[in-house]
Amino acid sequence: MGTSQSSKGPGSGVPMVPPWADAPSLENKNQDGKEAPQRQQIPVAPKARFGPARRNLGDFAKSGDKNNLKRALGQYTRSGYGGASGAAQRLSSTAATAAVLAGVLNQLSASNSASNNGPIAPEIIKSGSAEKILDAVVNATKAIDGSQDSEASRAAIRDALTDVLTEFPETDLTELSSEQCDFVIERYTAHEIIRRFELDLGKTILDKAPTASVALSRLKEAKEYVVEVVGEAFRNFKSSMNPTTSSGIQGIIKSTLKEAFTVFEGYAL
């Protein structure tokens, strides 16, 4: 979770999930390739949809009681998005972006600096600059379109790539192993949830924590908990589904999102 967002999140009287948020994917297509109709009607958000989550998140910021954090995530899921299905639908574009990211990383490893047909210009690869390559991967995966969701996704991709460099200090982004690629996709999914949670609830932790240093510590703890839940779900589904195709990756991420939000919702009171 970052510290620069001040959004109060979407209010009441609007669809819990914006109509444009359910991004097309291979799994949304009919056999003729046309977009399948959406069957689930999107409910309208109630008044103070994030109120219960904010109260518990504020209590967590003050006390550090992890039960308050869990309840905040549970109420965020249930009251904020109508349950795990709605929350997963809000982040449905994550699955398609994850598949693109996996493709970029795999192409990069396959082509390395020897080909002009890879997703990243050879001169960037030859520079040996991890920062330049990281930026290039972000740009190749998610274009800038000025939307809040796009910027959050780009930040989540960058966070995931930073995580793999931290977890595997000797990592070369142009030659990631399959294990490291999976790690990036797993962390990207977690960071998408973290970024959305932050954007919706704004600076509650920063505002309610007794000091700035405590606030940063609470933000770190919240992030680590989301990473833990998403990681367990991702690994479970990866072991039982096909992670080598675009549709397989999308299926894993959709299932991971639903499972993670189901875990969160289980703590709602």
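Scroll up for the structure.
Residues numbered from 1 in each chain as written. Predicted model: local features only at pLDDT ≥ 70, side-chain atom pairs only at ≥ 80, totals over all residues. Heavy atoms only, no water.

K.L.:
So what about the environment of Lys 208? Which residues, and what values?
P.N.:
Take Lys 208: it is sitting in helix α9 (residues 204-208). Residue Lys 208 is classed as partly exposed on the basis of its relative accessible area, which comes to 43%. In sequence terms Lys 208 and Lys 62 are 146 residues apart; their C-alpha atoms lie 6.1 Å from each other. (Helix = DSSP H or I, 4+ residues; strand = E, 2+ residues; numbered from the N terminus. Buried < 20%, exposed > 50% of the residue type's maximum accessible area, 1.4 Å probe, protein only.)

K.L.:
Can you tell me about the packing of helix α8 (residues 178-201) against helix α11 (residues 246-265), naming the residues and giving the values?
P.N.:
Put simply, α8 and α11 touch, their axes get as near as 11 Å, and they point 50° apart. Judged by the inter-axis angle, α8 sits oblique to α11. Once α8 is placed against α11, the crossing between them reads as right-handed. Contacts between α8 and α11 involve Ile 185, Thr 189 and Ile 193 from the former and Ile 253, Thr 256, Leu 257, Ala 260, Phe 261 and Phe 264 from the latter. Among the residues making up the contact of α8 with α11, the classes are represented as seven nonpolar, two polar and no charged. (Axes fitted to C-alpha atoms, helices over the stretch in contact; angles between N-to-C directions. Parallel < 35°, antiparallel > 145°, perpendicular 65-115°, else oblique. Left-handed = near helix turned anticlockwise from the far one by under 90°. Contact = heavy atoms within 4.5 Å. Nonpolar A, V, L, I, M, F, W, Y, C, P; charged D, E, K, R; others polar.)

K.L.:
Quick rundown of helix α1 (residues 51-63)? Include the residues and the values.
P.N.:
Taking 1.5 Å per residue, 13 residues should reach 18 Å; α1 reaches 18 Å between its end C-alpha atoms and fits that length. When we look at burial in α1, the residues that qualify are Gly 51, Ala 53, Asn 56, Leu 57, Gly 58, Phe 60 and Ala 61. The first or second residue beyond α1 is Gly 64, which carries a positive phi of 80°. (Expected span 1.5 Å × (residues − 1).)

K.L.:
Residue-level account of the nonpolar core, with values.
P.N.:
Residues Val 137, Leu 161, Ile 193, Ile 253, Phe 261 and Phe 264 are the most contacted members of the largest nonpolar core, which totals 65 residues. The residues contacting Ile 193, other than those within four sequence positions of it, are Leu 91, Val 226, Val 230, Leu 257, Ala 260, Phe 261 and Phe 264. (Core = buried A, V, L, I, M, F, W, Y, C linked by side-chain atoms within 4.5 Å.)

K.L.:
Provide a residue-level description of the side chain of Lys 70, including the pertinent values.
P.N.:
Of note, Lys 70 is situated in helix α2 (residues 66-81). Buried and without a salt bridge, Lys 70 has Glu 228 as its closest oppositely charged side chain, separated by 7.0 Å. Excluding its chain neighbours within four sequence positions, the residues that come into contact with Lys 70 are Tyr 225, Phe 264 and Tyr 267. (Lys, Arg positive; Asp, Glu negative; His and termini not counted. Salt bridge = Lys/Arg side-chain N within 4 Å of Asp/Glu carboxyl O.)

K.L.:
Talk me through empty space enclosed by the protein; I want residue IDs and the actual numbers.
P.N.:
Per the stated rule, a full pass over the model turns up two cavities of 30 Å³ or more. Of the voids in this model, the second largest cavity is the one considered here, and its volume is about 40 Å³. Lining the second largest cavity, in full, are Tyr 76, Tyr 81, Ala 87, Arg 90, Leu 91, Ile 193, Arg 196 and Phe 261. When contributions to the lining of the second largest cavity are tallied by element, the ones reaching two or more residues are α2, α3 (84-90) and α8. Residue composition of the lining of the second largest cavity, grouped by class: six nonpolar, no polar and two charged. (1 Å grid on protein atoms, 1.4 Å probe; cavity = no way out; pocket = protein on both sides within 12 Å on 5 of 7 lines; lining within 4 Å. Points joined across faces, edges and corners; volume = space filled by probe spheres on them.)

K.L.:
Can you tell me about the packing of aromatic side chains, naming the residues and giving the values?
P.N.:
Applying the stated criterion across every chain, the model contains seven aromatic pairs. Here the aromatic rings of Phe 50 and Tyr 76 are separated by 5.6 Å at their centres, their planes lie at 25°, and the arrangement is stacked. Of this pair, Phe 50 sits in the segment before α1 while Tyr 76 sits in helix α2, and the two are 26 residues apart along the sequence. Judged by its relative accessible area of 1%, Phe 50 is buried. By relative accessible area, Tyr 76 is classed as buried at 2%. Note on Tyr 76 and Phe 197: the rings are 4.8 Å apart at their centroids and 85° apart in plane angle, and the pair reads as edge-to-face. Within this pair, whereas Tyr 76 is found in helix α2, its partner Phe 197 is found in helix α8, the two being separated by 121 residues in sequence. Each member of the pair, Tyr 76 together with Phe 197, is buried. Following the ring pairs from residue to residue traces out a cluster consisting of Phe 50, Tyr 76, Tyr 81 and Phe 197. (Phe/Tyr/Trp six-rings, centres within 6.5 Å; stacked < 30°, edge-to-face > 60°.)

K.L.:
So, the pattern of salt bridges: which residues are in play, and what are the values?
P.N.:
Inspection of every chain in the model, using the stated rule, returns eleven salt bridges. The closest approach of N and O atoms between Arg 158 and Glu 131, which form a salt bridge, is 3.1 Å. Highlighted residues: Arg 158 in helix α7 (residues 148-167) and Glu 131 in helix α6 (residues 130-141), separated in sequence by 27 residues. Between Arg 187 and Asp 163 there is a salt bridge; the shortest N-O distance is 3.0 Å. Here Asp 163 lies in helix α7 and Arg 187 lies in helix α8, a separation of 24 residues in the sequence. Taken as a pair, Arg 187 and Asp 163 share a single burial class, namely buried. Counted as one network, the salt bridges with shared partners bring together Arg 90, Asp 149, Arg 196 and Asp 200.

Structural measurements only, silent on function.
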